Amino acid sequence: MDNNHEPPSLICLTVQRYEGEMCEDQFQGEGLLCFEGGHVYKGMFSKGLMEGRGVFTCASGLKYEGEFISNQPLGKGTYTWPDGSFYKGEVFYGLRHGTGTYTCAKTGVSYTGQWDQGKRHGKGEVYYNQDKTSWYKGDWVKNNREGCGVRHYPSGNIYSGEWKNNLRHGEGTMKWLKEGEEYVGMWKNGVQHGQGTLTWILRRTDGSQYIRSNQYTGDFVQGQRHGHGTFHYASGAFYEGEWRNNKKHGKGKFSHRDGRVFEGQFMDDKMMANILNGNRMSSPFCGLSPLPGSDSSVLGPDMVLNINCLLDKFPERDRDTEQEKVELMVLKLASELRSIYSYYSRLGQAQSPDNTFQLSRLQLWRLLKDCYIHHHGITLAQIDHLIRDTTAAEIHSPFTPILLHGLLSCLVVVAYHIYHKDMMSQKNLLAACFSKLMADNILPNAKNVKGFLFRQSDCAVVVMNYVKKCMEIYQTYCKVLGASSDEQSMTCRHLLWMFKDLHLLDNKLTVAKLLQIITSESSGLDNFTSCVNVEITFLEFLEVLLGSAEVKCRHVSEGVEESESQSLLSPDMDRKDQQEAAEKLTEEISPSVNAQELECQQDANGEVHKKAQSTGEHENEEGKGVQTKEVEAKVCEQKLWLQTVHQFFNNFFFPAYEHDQLVSKNVKEKLKRESHK
């Protein structure tokens, strides 16, 4: 703040002349008072003192207009400086104190907020230019940005977090829009320092098979990657280890997208080989052995198998043969396997310009259930534990990406655990088990999608809006299973308790009906005793919620008029956004359904024509009418399903959860207070 714009003190001014009302030889009422030096006051007096509303004009041109108490500016008023700058707000003994707004005429800087003894102090917002593209909103301490606040820079960059002495200091998030970068973590004196995550956002399409960003998570020192950290590359590779001055330096491990792993010493971003004849030779990947099969494999780099956990079960002399034979079997079925991967990776996804998607663990679960893998005495949760070394560590997350080689490795591992006991006499056991799994389970059943979530592809895109919130609730009700505290999951018993605690059961959604929904896709779990201790994945949790919506809210949705059908989508949308999204959804659903009913061809000029549906010159109007009715019926069914889901999540499930969390919080706080008495 400009020090020249500090209001003057009115102490020790000498009266030169007074014009106005008097009472008992004292200034009283309205009058004009002139002081030595050229200062002038015009306003109200009481008992010889400036009291009430008045205007004080300094010889310098500074003017105060506002309230006076006992000769002092005190209350609310406005200061106006000769250059046009002004302050309007609360005043205490001539100083800006309380809440007020200051605007500098020369720079265009304006501040609105709290003041203390003439300084910005407390909560306030400042705009640094007239078009308001540069601003800060947050805490102040004695004219400095200090505490928590948001800074929007003229470039569009944004920082939100902690400050000290006008510098980013503490925990905060910085977004560089033009560079496509975002940092979340600790700061010191304006630069990244401490633990943090820096993400380089790539211009990729959501849901693309390619990871959309490079990301580093770890230590920073004076704005550079320095210490220990992990770098995830957009290609799918990642490095974990030591860093120095933004480069890999020290002991580390580099895992390639195709499954190869290199571990050793790095120097200036390069991996070091052994010292030979006193000279150190460097290469990004030299001197280390890759995973078995990655170099000698007949499979491409995107299909290389990570099945060391299985190969270790065989005598060392048989491992190479087992690996070779199962790879040949995978290669034989490569076309079908790629098609299955592509099909399931599209479930619940919107359209993509490159038409490529990456399989998620949620979609993998659906594939395994569609192929009845869980009917072989093994649950999806158990499969997650079996394949954790072939896919990723986050075994309970539905968002974990699964690359093609991860899916193939998963199927080989699952095949072995299901069939190896019955096929011990078979030569090339891994290949035999995999062949049987493909013949009996995968090929006959894949792409025949079951369950509630993905049964209508157009609707699944909308339902996916609820997944993040449902995952939060799933994690809330998970319990620690096993010895490790990070092995938290949910059983059917926990699920039943959740429905009871949230008061979701009624005369329609009874315990018996809920149990029927839980076991609808299961084999041998047709009663309470056999299912209560079964561990369930998030997919199974979500499918139960959607099945419960069918039972609990279907009649509500059927009674909703078409004019109310806009509230179909995300719980984060307001009513206007929901209406626009629903209208867009209707436009998207109808053409996609119609397209399935039409056969099209493209001529040499690139124009699309509908093929003739009959050999006559005229269309079969009756057939066209039937087709239109079928399409309309399908669209109506989709709308009804979305309305049902919306009613259940936003009118029952989410409110019940929020209420339960509030009650639990209040109980804990009460117990805490009582324990301190």
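See above for the structure.
Our subject in this report is the structure included herewith. These numbers come from a predicted model, not from an experiment.

The next thing to look at is the overall build of the chain. Counting secondary structure elements, the chain contains 15 helices and 30 strands. For the chain, the residues scored as buried account for 42% of the 677 residues in total. The contacts of the chain with a sequence gap of at least 6 include a subset with a gap of at least 24, amounting to 39%.

Time to look at the packing of aromatic side chains. If you walk through the whole model with that rule in mind, you get 41 aromatic pairs. With a centroid separation of 5.2 Å and 80° between ring planes, the pair formed by tyrosine 64 and phenylalanine 68 is classed as edge-to-face. Residue phenylalanine 68 is classed as buried on the basis of its relative accessible area of 1%. Note that arginine 96 overlies the ring of tyrosine 87, its terminal NZ or CZ placed 5.9 Å from the centroid. Note that arginine 225 overlies the ring of tyrosine 216, its terminal NZ or CZ placed 5.8 Å from the centroid.

We note that tyrosine 93 has phi near 50°; this positive angle belongs to a residue other than glycine. By relative accessible area, which is 49% here, tyrosine 93 ends up partly exposed. If you check the backbone angles, asparagine 246 has positive phi at about 75° while not being a glycine. In this fold, asparagine 246 is placed in the loop between strand 19 (238–244) and strand 20 (247–255). Looking at asparagine 246, the relative accessible area reads 26%, which means it is partly exposed.

Time to look at the pattern of salt bridges. Counting across every chain of the model gives 13 salt bridges. Here glutamate 182 and lysine 175 are joined by a salt bridge, their closest N and O atoms 3.7 Å apart. One salt bridge in this structure joins lysine 552 and aspartate 506, with 2.6 Å as the shortest N-O distance. Residue lysine 552 is located in helix 13 (residues 538–558), and its partner aspartate 506 is located in the loop between helix 10 (492–501) and helix 11 (511–518); the two are separated by 46 residues in the primary sequence. Taken together, the shared-partner salt bridges in this structure form one network comprising Arg366, Asp370, Glu521 and Glu543.

The topology assignment puts threonine 133 in the loop between strand 10 (119–127) and strand 11 (135–141). The exposure class assigned to threonine 133 is partly exposed, which follows from its relative accessible area of 28%. When the C-alpha positions of threonine 133 and tyrosine 153 are compared, they lie 6.8 Å apart, and in sequence the two are 20 residues distant. In this structure the side chain of threonine 133 is engaged in a polar contact, spanning 3.2 Å, whose partner is the side chain of aspartate 131.

Most often, soluble globular proteins have nonpolar side chains that are buried together. In this structure, Phe541, Phe649 and Phe653 are the most contacted members of the largest nonpolar core, which totals 101 residues. The biggest single contributor to this core is helix 6 (residues 404–419), with 12 residues. Residue contacts for phenylalanine 649: discarding those within four places in its chain leaves Tyr466, Cys470, Leu542, Leu545, Leu546, Phe654 and Pro655. If you look at the next biggest cluster of nonpolar residues, it comprises 41 residues, including Trp115, Val126, Phe220 and Phe262.

Quick notes on the rules
- Residues numbered from 1 in each chain as written.
- Predicted model: local features only at pLDDT ≥ 70, side-chain atom pairs only at ≥ 80, totals over all residues.
- Heavy atoms only, no water.
- Helix = DSSP H or I, 4+ residues; strand = E, 2+ residues; numbered from the N terminus.
- Buried < 20%, exposed > 50% of the residue type's maximum accessible area, 1.4 Å probe, protein only.
- Contact = heavy atoms within 4.5 Å.
- Phe/Tyr/Trp six-rings, centres within 6.5 Å; stacked < 30°, edge-to-face > 60°.
- Lys NZ or Arg CZ within 6 Å of the ring centre and 35° of its normal.
- Salt bridge = Lys/Arg side-chain N within 4 Å of Asp/Glu carboxyl O.
- Polar contact = N/O pair within 3.5 Å; in protein donor to acceptor, adjacent residues only side chain to side chain.
- Core = buried A, V, L, I, M, F, W, Y, C linked by side-chain atoms within 4.5 Å.

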